[in-house]
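Fold and contact review
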Amino acid sequence: MTDLFSLAGRRALVTGANAGIGRAIAVTLAGQGAHVICAGRRDCDETLAEIAAAGGAGEGLRLDFADPMAARDVFSGAGIDILVNNAGIIRRADSVDFTEADWDEVVDVNMKAVFFTTQAFGRELIGRGRPGAVVSIASLLSFQGGIRVPSYTASKHGVAGLTKILANEWAAHGITVNAVAPGYIATANTEALRDDPERSRAILERIPAGRWGAPEDIGGTVAFLCSHAARYMTGAVINVDGGWLAR
Ligand code: NAP
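The paragraphs below set out a description of the structure included in this document. Note that the structure is predicted; figures quoted are calculated from it, not measured.

Comments concerning the site of the ligand
Near the ligand lie 28 residues; those nearest to it are Asn18, Arg41, Asn86, Tyr152 and Thr187. One nitrogen or oxygen atom from the main chain of Ile21 is found 2.8 Å from an oxygen atom belonging to the ligand. Contact between the ligand and Arg42: an oxygen atom at 2.7 Å from a side-chain N or O atom of the residue. For the ligand, the protein covers 92% of the area, taking 880 Å² as the surface of the free molecule. When contributions to the shell around the ligand are tallied by element, the ones reaching two or more residues are α1 (20-31) and α4 (150-170). Within the shell around the ligand, the residues separate by chemical class into 14 nonpolar, 10 polar and 4 charged.

What follows is the structure, encoded as structure tokens:
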């Protein structure tokens, strides 16, 4: 019987796999049997050690989205059939003071690199007539406005939109394109919020689950979306947020 949730025999590339949510996703995909290419602008040795310790398989790849086109050649002949667009950054300032540099940097990594990395992945699969799965990491700020993070909010709304257009264009090729929108997860991305006692308390009070999320809370949904169990799901943006958006 087909194991609906197994990723055995699959090859996955996870961007930003050295830390935080990306690291947890890489470890989870490897735990489900995928060979995971852990991409980062620095080495992913800790992630690879964690994968190996659990009996999984993976390899490292340097990929820096300071050049949003950096992944243009990485899929060619590489047999990769799962792409997780996880790398992302955030810059905080009042909108009236927000700089062009903070706009460009965030939009380049969070949206432009996501589109052109996914384009390179799609071209390779479509060219070879092979199926595959894309999962991008969106955000609650794919649905809500947030405060003091205009380029982040714009970029994550963009990720939701790109998920839908690519799902439309590639469903006929057997490529599913979905996104996961994490709630408030304790990583470097949210350190400034957790360091601010007032914001931290206000956020925690609003989370029905009563706790901040951990990176490990996200990997299972990503693995599901890459698996045979989710073969008829495409164009979805799934929130994994301890109930935040239901509130
Ligand atoms: P994180 O710990 O800061 O991880 C971000 C990852 O992106 C790191 O691996 C980072 O590499 C990588 N990255 C940043 N700039 C890059 C570049 N130019 N090229 C290649 N990689 C780059 O934060 P995280 O929370 O795990 O974030 C992962 C994703 O989840 C992001 O897309 C973020 O927007 C999203 N997200 C997070 C939350 C949350 O509450 N934490 C909520 C919703 C969505 P370095 O280690 O080298 O910086």
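So that's the structure; there's more coming.
Thoughts on helix α3 (residues 100-128)
In a regular helix each residue adds 1.5 Å, so 29 residues correspond to 42 Å; α3 covers 40 Å between its end C-alpha atoms and thus fits that length. At Asp108, α3 shows its largest kink, close to 45 degrees. Trailing α3 by a residue or two, Gly129 shows a phi angle of about 65 degrees, which is positive.

So, the sheet that holds strand β6 (residues 175-182)
The 7 strands are arranged β3-β2-β1-β4-β5-β6-β7 in an open sheet whose pairing can be described as parallel. Of all strands in the sheet, those bounded by a partner on one side alone are β3 (57-62) and β7 (237-240). Neighbour to neighbour, the strand axes of the sheet diverge by 20 degrees on average, direction disregarded. Summarising the sheet, strand β1 (residues 11-15) and strand β2 (residues 35-40) pair through 5 bridges and their orientation is parallel.

Here we look at the pattern of salt bridges
Under the criterion given, the structure shown has 12 salt bridges. A salt bridge links Asp217 to Arg211; its shortest N-O distance comes to 2.9 Å. Using a relative accessible area of 31% as the deciding quantity, one classes Asp217 as partly exposed. Residue class for Arg211 comes out partly exposed when judged on its relative accessible area of 45%.

Describing the environment of Leu225
Residue placement: Leu225 occurs in helix α7 (residues 216-226). What makes Leu225 buried here is its relative accessible area of 1%. Distance from Leu225 to Val134, taken between C-alpha atoms, is 8.4 Å for residues 91 residues apart in sequence.

A few points about a negative patch on the surface
A grouping of Glu191, Asp195, Asp196 and Glu198 is seen on the molecular surface, where their side chains present a negatively charged patch. Checked against the element boundaries, Glu198 lands in helix α6 (residues 197-206).

Observations regarding the packing of aromatic side chains
Counted according to the given criterion, the structure contains 5 aromatic pairs. Judged by centre distance (5.7 Å) and plane angle (75 degrees), the rings of Tyr184 and Trp212 are edge-to-face. With Tyr184 in the loop between β6 and α5 (191-195) and Trp212 in the loop between α6 and α7, the pair connects residues that are 28 residues apart, well separated along the chain. Side by side, Tyr184 and Trp212 carry an identical accessibility label, which is buried. Taking 4.8 Å as the distance between ring centres and 55 degrees as the angle between the ring planes, the aromatic pair formed by Tyr184 and Trp244 counts as tilted. In this pair, Tyr184 is assigned in the loop between β6 and α5 and Trp244 in the segment after β7, connecting sequence segments 60 residues apart.

Observations regarding the nonpolar core
Core analysis: the largest hydrophobic core is formed by 28 residues, its most contacted members being Ile25, Leu29, Val36 and Val222. Elements with a minimum of two residues in this core: β1, α1, β2, α2 (45-53), β4 (82-85), β5 (132-137) and α7. Among residues more than four places away in sequence, those in contact with Ile25 are Val14, Val84, Asn86, Ile137, Ile218, Gly219 and Val222. Membership of the second largest hydrophobic core comes to 27 residues, among which are Val109, Leu125, Val134 and Ile175.

Each value, and the rule that gives it
Residues numbered from 1 in each chain as written. Predicted model: local features only at pLDDT ≥ 70, side-chain atom pairs only at ≥ 80, totals over all residues. Heavy atoms only, no water. Near = heavy atom within 4 Å. Polar contact = N/O pair within 3.5 Å; in protein donor to acceptor, adjacent residues only side chain to side chain. Areas by Shrake-Rupley, 256 points an atom, 1.4 Å probe, with all protein chains shown as cover. Helix = DSSP H or I, 4+ residues; strand = E, 2+ residues; numbered from the N terminus. Nonpolar A, V, L, I, M, F, W, Y, C, P; charged D, E, K, R; others polar. Expected span 1.5 Å × (residues − 1). Bend = angle between axes of the 7 residues up to and from the residue. Pairing = 2+ DSSP bridges. Axes fitted to C-alpha atoms, helices over the stretch in contact; angles between N-to-C directions. Salt bridge = Lys/Arg side-chain N within 4 Å of Asp/Glu carboxyl O. Buried < 20%, exposed > 50% of the residue type's maximum accessible area, 1.4 Å probe, protein only. Patch = residues over 30% accessible without salt bridge, like charges linked within 9 Å, V, L, I, M, F, W, Y side chains within 5 Å. Lys, Arg positive; Asp, Glu negative; His and termini not counted. Charge placed at Lys NZ, Arg CZ, Asp CG, Glu CD. Phe/Tyr/Trp six-rings, centres within 6.5 Å; stacked < 30°, edge-to-face > 60°. Core = buried A, V, L, I, M, F, W, Y, C linked by side-chain atoms within 4.5 Å. Contact = heavy atoms within 4.5 Å.

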